[in-house]
Amino acid sequence: MTTKRLAAVLLALAACCVVAACTNPAPAAPSPSSTVATPVAPAPEDPPPQPEETGAKADNEKEETAMDQLYVADAARYRGTVASIDADIAGGLMYRLTAFPGSGLPEQLMIVFTGDSKTSFPQDTIQEGDHLEVFYQPVEGETCGLTCYEVIAANRLLPAEGVYYNGILVEQDTMEDGTVDLVMVPQDTPMESWGDPMKQFVFHTGPDTQFYTSAGDLKEGALLNIYHKGIATRSLPPQGVALEVRLLAQ
């Protein structure tokens, strides 16, 4: 009997284990969709392009400085470099301008600015060494102790040395359109070097060129004073555009 009871107890225990296993299944493995990914910081984006200093800001600065040149018809005109600035007897400023040698202009001109004077640049920036173009008239009343003139309008130009050329005409070429090119060399160039392209400078003339001399004066060896745009090509010889042509004042 004892053996049979022991066998019955063992069978009962085995049955209980089977029931427990069926009612408590092992946890299922997590599905791929339920897996939590480790957060990854996003890659930093490239910064947006910044406007270059040479963009709109530079253009605005150019517009502020590149003002239209003034012109007064039928008014006397003078170009000269500011040699001195002094007080006049009225308490204002008097400017002494000196002309470029050979330009045919008076050696110097004394000028004053009034409340009616117009300038294409800030008037309070004038300093010694500036090259000015002034349209002027006699001063009304006693403004300065010396003979001086009242400015109607004024422009600031490139330095006189950059827009005037004194030299020897060594050749002139007539173009198909009838205009003339003047081949020049510096006035101290010896004749044996006139054909040297390293010394030559070619000035193109056109409808806007003012000739203050006759065509007969434009011959080889003539000494000329040329007022030009102040811009030259990098060719050999360099080339520019003549605005005024006159015999060199001796």
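That block above? That's the structure.
Residues numbered from 1 in each chain as written. Predicted model: local features only at pLDDT ≥ 70, side-chain atom pairs only at ≥ 80, totals over all residues. Heavy atoms only, no water.

> Explain the overall build of the chain to me, please; I cannot follow it from the model alone.
Counting its secondary structure elements, the chain contains three helices and twelve strands. Counting over 250 residues, the chain shows a buried share of 32%. Restricting the contact set of the chain to residue pairs at least 6 apart, pairs at least 24 apart contribute 60%. Per element, the accessible surface of the chain, about 16,800 Å² overall, is 57% carbon and sulfur. (Helix = DSSP H or I, 4+ residues; strand = E, 2+ residues; numbered from the N terminus. Buried < 20%, exposed > 50% of the residue type's maximum accessible area, 1.4 Å probe, protein only. Contact = heavy atoms within 4.5 Å. Areas by Shrake-Rupley, 256 points an atom, 1.4 Å probe, with all protein chains shown as cover.)

> Can you walk me through the nonpolar core in this structure?
Across soluble globular proteins, nonpolar side chains show a tendency to be buried alongside one another. Core analysis: the largest hydrophobic core is formed by 15 residues, its most contacted members being Tyr 78, Leu 97, Ile 111, Phe 113, Ile 126, Leu 132 and Val 134. When contributions to this core are tallied by element, the ones reaching two or more residues are β1 (76-87), β2 (93-98), β3 (108-112), β5 (131-138) and β6 (149-157). Top element by residues in this core is β5. It accounts for three residues. Excluding residues that lie within four positions of it along the chain, Leu 132 makes contacts with Tyr 78, Arg 79, Gly 80, Val 82, Leu 97, Phe 121, Ile 126, Asn 155, Arg 156 and Leu 157. If you look at the next biggest cluster of nonpolar residues, it comprises 13 residues, including Tyr 165, Leu 218, Ala 242 and Val 245. (Core = buried A, V, L, I, M, F, W, Y, C linked by side-chain atoms within 4.5 Å.)

> How do you make sense of the pairing of strand β12 (residues 239-247) when you look at a structure like this?
On a regular strand, one side chain projects to one face of the sheet and the next to the other, so that they alternate. Bridging between strand β9 (residues 201-204) and β12 involves three bridges; their strand directions are parallel. Directly across from Val 202, in β12, lies its bridge partner Gln 239. Across two bridges, the pairing between strand β10 (residues 210-211) and β12 is parallel. The residue bridging Phe 211 from the neighbouring strand is Val 245, located in β12. Where strand β11 (residues 223-228) and β12 come together, five bridges link them in antiparallel fashion. Counted as the bridge partner of His 228 is Ala 242 from β12. (Pairing = 2+ DSSP bridges.)

> How do you make sense of unusual backbone geometry when you look at a structure like this?
One can expect most non-glycine residues to show negative phi and most peptide bonds to be in trans. In this chain, Leu 236 is followed by Pro 237 through a cis amide linkage whose omega measures 0°. Along the polypeptide, Pro 237 turns up in the loop between β11 and β12.

> Help me understand the environment of Val 82, please; the structure alone is not making it clear to me.
Position of Val 82 relative to the elements: it lies in strand β1. Taking the relative accessible area as the measure of exposure, Val 82 reaches 2% and is therefore buried. Excluding its chain neighbours within four sequence positions, the residues that come into contact with Val 82 are Tyr 95, Arg 96, Leu 97, Ile 126, Gln 127, Glu 128, Gly 129, Asp 130 and Leu 132.

> Where do I start with the pattern of salt bridges in this structure?
Proximity of charged atoms lets side chains of opposite charge pair with each other. Counting across every chain of the model gives six salt bridges. Salt-bridge contacts for Arg 77 lead to Glu 244; the nearest nitrogen and oxygen are separated by 3.7 Å. With Arg 77 in strand β1 and Glu 244 in strand β12, this residue pair connects regions lying 167 residues apart in the sequence. Glu 244 serves as the salt-bridge partner of Arg 79, at 2.8 Å between the closest nitrogen and oxygen. On the criterion of sequence distance, the pair formed by Arg 79 in strand β1 and Glu 244 in strand β12 is long-range, its members being 165 residues apart. Both residues of the pair, Arg 79 and Glu 244, belong to the buried class. Among the charged side chains, a salt-bridge network with shared partners connects Arg 77, Arg 79, Glu 133, Glu 244 and Arg 246. (Salt bridge = Lys/Arg side-chain N within 4 Å of Asp/Glu carboxyl O.)

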